[in-house]
Amino acid sequence: MSLQAWYEQGWLRRHQTSQEEIGNLLGIVYRDLEDAQRKSLSSDWQFGIAYNAALKLCTCLVYAEGFRTEKNLAHYRTLQALQVVLGDRHRNDAAYLDACRMKRNTLEYDIAGVATQADADELLAYVQELRKTVIGWLKEQYPDLLP
């Protein structure tokens with residue numbers, strides 16, 4: 001299914017992004033990747049911060065394509081857009097990020113101590129690679145959106 005099909009389903013709305021907006025999102029990503037490495041934070045917080053960076057990277061993809069998610073299931077759809085925009089080779093990535101979303105929801109709203117240090121480290125390493133992928137895609141597809 002394409003983002004256009006998602007739009008037709010009412011899951012997305014049109015959105016005109018800008019170089020400034022993408023730059024601001026990437027600024028959040030860089031901040032979060034740095035903050036997620038702070039060992040003085042709990043592994044839950046490190047995980048949550050790394051998750052936020054992943055979410056912002058996927059948001060860049062959706063915005064660059066001219067859309068914005070509607071509020072209902074916004075995180076889920078934003079993360080699933082990874083495979084829609086970048087292709088089926090990222091299906092496992094979208095599934096991994098969805099599992100991270102569910103874990104993040106649990107540690108944020110229900111139970112402390114859900115994310116292990118290994119979980120946080122794994123997500124942080126994944127997001128560092130995802131950042132390279134998304135920036136490379138932006139350079140190819142929408143170079144005018146990069147600051």
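Residues numbered from 1 in each chain as written. Predicted model: local features only at pLDDT ≥ 70, side-chain atom pairs only at ≥ 80, totals over all residues. Heavy atoms only, no water.

Colleague: Give a description of the nonpolar core that names residues and reports values.
Modeller: Ile-22, Leu-82, Leu-97, Leu-123, Val-127 and Leu-130 are the most contacted members of the largest nonpolar core, which totals 45 residues. The set of elements that each furnish at least two residues to this core consists of α1 (3–9), α2 (19–35), α3 (43–64), α4 (74–86), α5 (91–109) and α6 (117–141). Looking at which element gives the most residues to this core, the answer is α3, with 14 residues. Those residues within four positions of Ile-22 in sequence are excluded, and the remaining contacts are Thr-17, Cys-60, Tyr-63, Leu-138 and Leu-145. (Core = buried A, V, L, I, M, F, W, Y, C linked by side-chain atoms within 4.5 Å. Buried < 20%, exposed > 50% of the residue type's maximum accessible area, 1.4 Å probe, protein only. Helix = DSSP H or I, 4+ residues; strand = E, 2+ residues; numbered from the N terminus. Contact = heavy atoms within 4.5 Å.)

Colleague: Any details on the packing of α2 against α6? Residues and values, ideally.
Modeller: Two elements in contact, α2 and α6, have axes separated by 11 Å at closest approach and are oriented at 160°. By the angle between their directions, the pair α2 and α6 is classed as roughly antiparallel. Here the hand of the crossing between α2 and α6 comes out left-handed. Along the contact surface, α2 presents Ile-22, Leu-26, Val-29, Tyr-30 and Leu-33, while α6 presents Leu-124, Val-127, Gln-128, Arg-131, Ile-135 and Leu-138. Broken down by class, the residue content of the contact of α2 with α6 amounts to nine nonpolar, one polar and one charged. (Axes fitted to C-alpha atoms, helices over the stretch in contact; angles between N-to-C directions. Parallel < 35°, antiparallel > 145°, perpendicular 65-115°, else oblique. Left-handed = near helix turned anticlockwise from the far one by under 90°. Nonpolar A, V, L, I, M, F, W, Y, C, P; charged D, E, K, R; others polar.)

Colleague: Can you tell me about the side chain of Asp-119, naming the residues and giving the values?
Modeller: Here Asp-119 shows up in helix α6. Residue contacts for Asp-119: discarding those within four places in its chain leaves Phe-47, Lys-103 and Val-114.

Colleague: Describe the pattern of salt bridges, with residues and values.
Modeller: According to the stated counting rule, one finds eight salt bridges in the structure shown. Ionic pairing is found between Asp-35 and Arg-38, a salt bridge with its closest N-O pair at 3.2 Å. Arg-91 is the salt-bridge partner of Asp-88, the closest N and O atoms lying 3.2 Å from each other. For Arg-91, a relative accessible area of 47% translates into the label partly exposed. (Salt bridge = Lys/Arg side-chain N within 4 Å of Asp/Glu carboxyl O.)

Colleague: Talk me through the packing of aromatic side chains; I want residue IDs and the actual numbers.
Modeller: Within the structure shown, the criterion is met by four aromatic pairs. The side chain of Arg-14 reaches across the aromatic face of Tyr-7, ending 4.3 Å from its centre. In this structure, Lys-103 is placed above the aromatic ring of Phe-47, and the distance from its NZ or CZ to the ring centre is 6.0 Å. (Phe/Tyr/Trp six-rings, centres within 6.5 Å; stacked < 30°, edge-to-face > 60°. Lys NZ or Arg CZ within 6 Å of the ring centre and 35° of its normal.)

Colleague: Explain the packing of α4 against α5 residue by residue, including any values.
Modeller: Interaxial distance between α4 and α5 falls to 7 Å at its minimum, and their mutual angle equals 160°. The angle between α4 and α5 places the two elements in the roughly antiparallel class. Taken as a pair, α4 and α5 cross one another with a handedness that is right-handed. Residues His-75, Tyr-76, Leu-79, Gln-80, Leu-82 and Gln-83 of α4 form the contact with α5, whose own contacting residues are Arg-91, Asp-93, Ala-94, Leu-97, Asp-98, Arg-101 and Arg-104. Split by residue class, the contact of α4 with α5 holds five nonpolar, three polar and five charged.

Colleague: Provide a residue-level description of unusual backbone geometry, including the pertinent values.
Modeller: The phi angle at Leu-73 is positive, at roughly 60°, despite the residue not being glycine. Residue position: Leu-73 is located in the loop between β2 (67–69) and α4.

Honestly, it's all geometry; don't read function into it.
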